[in-house]
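Each chain, written out:
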Amino acid sequence: PAVTSPCKILKCNSEFWAATSGSHHLGAEEAPEFCTALRAYAHCTRRTARTCRGDLAYHSAVHGIDDLMVQHNCSKDGPTSQPRLRTLPPGDSQERSDSPEICHYEKSFHKNSAAPNYTHCGLFGDPHLRTFTDTFQTCKVQGAWPLIDNNYLNVQVTNTPVLPGSAATATSKLTIIFKSFQECVDQKVYQAEMDELPAAFADGSKNGGDKHGANSLKITEKVSGQHIEIQAKYIGTTIVVRQVGRYLTFAVRMPEEVVNAVEDRDSQGLYLCLRGCPLNQQIDFQTIRSAQATEGRARRKGPSLLAPPEAFTYETATAKCREKLPVEDLYFQSCVFDLLTTGDVNFMLAAYYAFEDVKMLHSNKDKLHLYERTRDLAPGNTAPSGTFPALWVVLLSLSQCWLYLL
């Protein structure tokens, strides 16, 4: 079962936004009420600080409070009682007219300008990462890792072991922070966990807040509890989050200009979607094969505590993956690898939906399929469909090892 986080930052966020809804449009005489809410917000974050040290949403909230204190000339000393909940005029919060042009990324380009270049990043399965440069990797990355961190949004994932003591991990928690942007959107936090895929932001809203361009950020529930889509038109970005089985998948379509909008370029190597997983976190398939062989010997001597719930052979795994992924590309191979590693058929569905998201989000239809571990190749160099991939050879060796040992 998923462990409930003791960090209460989302509760702090919700209380603050509920108390100050619509306060952007207050007159100067009502500024003290906003400052009171800010102090209450700061007090709430201090109470939960000890349990939120590694939480991206918490650190973003703390910085945001400091900025708002300065902007509104608020004193850190003073009353902290929550002001009354504001009632907004009908249609003023969730339903709005079309956003201003500045809040629509594509409309902000001049007619004679070149169309923006879009890129794609995805994370699914055990986990497998496709970066903005179409590099495909299988990584360990257990614990919390930043997927994206630029001037407009932060995305952080938490990966946990699929089985106790297993090296196989999958995404169990996802946090997305959309930063406040001009007259378009307020800061918004979206958080999903195992068995909890909300169709709203942490404050209960489904759009960008109370600014005039609020509808340039919207959440749409495609399948209840299984599939949500977030459109951030003000930065030309689409995000798809799914729950498949017990775990989460992530996919994004984002303009290159937004991808590269990073102030601290020295830290870009930390962002998985931009630079990929660190070398020491990338899975060495030779090591995996050796581990599987060791497990096979252990099974001959007696039952294994780490045995997956359903044992797939190489033949049954390939047959199962071929049901949903007829092209034997890296998505197909990832499916086979995950079934052999975890025994969980939901990982086959995760690979299938990850490729469906690629078809929807990737701007270059010639690069949908990848056939090699592209980190070993020059940028943009992918093998034709007839290639016999290196990973395929490893999996074949793995199957032969299993057959011999069993």
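Residues numbered from 1 in each chain as written. Predicted model: local features only at pLDDT ≥ 70, side-chain atom pairs only at ≥ 80, totals over all residues. Heavy atoms only, no water.

Visitor: Explain the packing of helix α7 (residues 314-324) against helix α8 (residues 330-342) to me, and be specific about the residues and the numbers.
Guide: Viewed as axis vectors pointing N to C, α7 and α8 meet at an angle of 135°, and their least axial separation amounts to 9 Å. When the interaxial angle is binned, α7 and α8 end up oblique. Note that α7 runs across α8; the crossing there is right-handed. The residues of α8 that touch α7, namely those facing Tyr 314, Ala 317, Thr 318, Lys 320, Cys 321 and Arg 322, are Phe 332, Cys 335, Val 336, Leu 339 and Leu 340. Considering only residue class, the contact of α7 with α8 consists of eight nonpolar, one polar and two charged. (Axes fitted to C-alpha atoms, helices over the stretch in contact; angles between N-to-C directions. Helix = DSSP H or I, 4+ residues; strand = E, 2+ residues; numbered from the N terminus. Parallel < 35°, antiparallel > 145°, perpendicular 65-115°, else oblique. Left-handed = near helix turned anticlockwise from the far one by under 90°. Contact = heavy atoms within 4.5 Å. Nonpolar A, V, L, I, M, F, W, Y, C, P; charged D, E, K, R; others polar.)

Visitor: With reference to specific residues and values, describe empty space enclosed by the protein.
Guide: For the structure on display, the rule yields six cavities of 30 Å³ or more. Around the second largest cavity, the lining residues are Phe 132, Leu 147, Ile 148, Asp 149, Asn 150, Val 259, Val 262, Tyr 271, Cys 273 and Leu 274. Top element by residues in the lining of the second largest cavity is strand β4 (residues 143-149). It accounts for three residues. When the residues that make up the lining of the second largest cavity are grouped by side-chain class, the tally is eight nonpolar, one polar and one charged. (1 Å grid on protein atoms, 1.4 Å probe; cavity = no way out; pocket = protein on both sides within 12 Å on 5 of 7 lines; lining within 4 Å. Points joined across faces, edges and corners; volume = space filled by probe spheres on them.)

Visitor: So, the packing of α7 against helix α9 (residues 346-361): which residues are in play, and what are the values?
Guide: Helix packing geometry: the angle between the two helix axes and the distance between the axes. The N-to-C vectors of α7 and α9 enclose an angle of 35°; their axes lie 9 Å apart at closest approach. Regarding α7 and α9, the two cross each other, and that crossing is right-handed. Side by side, α7 and α9 meet where Lys 320, Cys 321 and Lys 324 of the first sit next to Met 348, Leu 349 and Tyr 352 of the second. Of the residues in the contact of α7 with α9, the class split is four nonpolar, no polar and two charged.

Visitor: Can you lay out the packing of aromatic side chains for me, pointing to particular residues and giving the numbers?
Guide: Within the structure shown, the criterion is met by nine aromatic pairs. Centroid distance Tyr 247 to Phe 347: 6.0 Å. Interplanar angle 45°. Geometry classified as tilted. Highlighted residues: Tyr 247 in strand β11 (residues 247-255) and Phe 347 in helix α9, separated in sequence by 100 residues. Residue Tyr 247 shares its accessibility class with Phe 347, and that shared class is buried. Here the aromatic residues Phe 124, Phe 136, Tyr 331 and Phe 355 are joined through ring pairs into a cluster of three or more. Directly above the ring of Tyr 118 sits Arg 253, whose terminal nitrogen or CZ lies 3.7 Å from the centroid. Cation over ring: Lys 324 sits above Tyr 352, and NZ or CZ is 4.7 Å from the ring centre. (Phe/Tyr/Trp six-rings, centres within 6.5 Å; stacked < 30°, edge-to-face > 60°. Buried < 20%, exposed > 50% of the residue type's maximum accessible area, 1.4 Å probe, protein only. Lys NZ or Arg CZ within 6 Å of the ring centre and 35° of its normal.)

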